[in-house]
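Chain by chain, the residues run as shown.
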Amino acid sequence: MTVKIVIGHRLGKGQAVADGVRAAGGEPVLIAGPGADMKVGDVMDAEGAVLGISFCGSGGAGAVTAKAKYGHDIEFGMRSAQAGVTAVEQGRTVLGFGFLDSEELGFKVTEALLKKLAKDAS
């Protein structure tokens, strides 16, 4: 089963997170270009992704937009990989972070998502 995770970074970055997603067995969908965080919900919808990760200064703009437009359950304002893991365990589908483009974040969030999906399927 391929699990798509959309990554949108306000400054057009996010490659380190994408590398972590890939290393953990997920399929990253990295949105190119500045302002990508605001497109997370749109790209999740188009790609059939189960999780979106949004990065901006406050950690909220892209996540709040995804909630308003598509009804995603969100958590935002996060500043650590562990906060993302907890949000995934609680069923959040869009995660909003401050600028935290790290491989560790991508890996841990994907690992938590895959565990949750396996548990939910059984």
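What you are looking at is a predicted structure, and each value in this text was computed from that prediction instead of being measured. (Residues numbered from 1 in each chain as written. Predicted model: local features only at pLDDT ≥ 70, side-chain atom pairs only at ≥ 80, totals over all residues. Heavy atoms only, no water.)

Enquirer: Break down the pairing of strand β1 (residues 4–9) for me, with residues and values.
Expert: With respect to burial, β1 is a largely interior element, five of its six residues being buried. Note that β1 and strand β2 (residues 27–30) share four bridges and pair parallel. When the sheet's bridge partners are listed, Lys4 is paired in β2 with Glu27. Between the parallel elements β1 and β2, the chain passes through helix α1 (residues 15–23) in a crossover that is right-handed. (Buried < 20%, exposed > 50% of the residue type's maximum accessible area, 1.4 Å probe, protein only. Helix = DSSP H or I, 4+ residues; strand = E, 2+ residues; numbered from the N terminus. Pairing = 2+ DSSP bridges. Right-handed = clockwise from strand over helix to strand, strands pointing away.)

Enquirer: Now, about the sheet that holds β2: what can you tell me, with residues and values included?
Expert: In a beta sheet, neighbouring strands are held together by backbone hydrogen bonds and run either parallel or antiparallel to one another. Read across the open sheet, the five strands follow the order β2-β1-β3-β5-β4; overall the sheet is parallel. In this open sheet, the two strands that pair with only one neighbour each are β2 and β4 (74–78). Geometrically, the sheet is characterised by an average inter-axis angle of 20° between neighbouring strands, direction not taken into account. Pairing analysis gives three bridges linking β4 to strand β5 (residues 94–97), with the strands arranged parallel. (Axes fitted to C-alpha atoms, helices over the stretch in contact; angles between N-to-C directions.)

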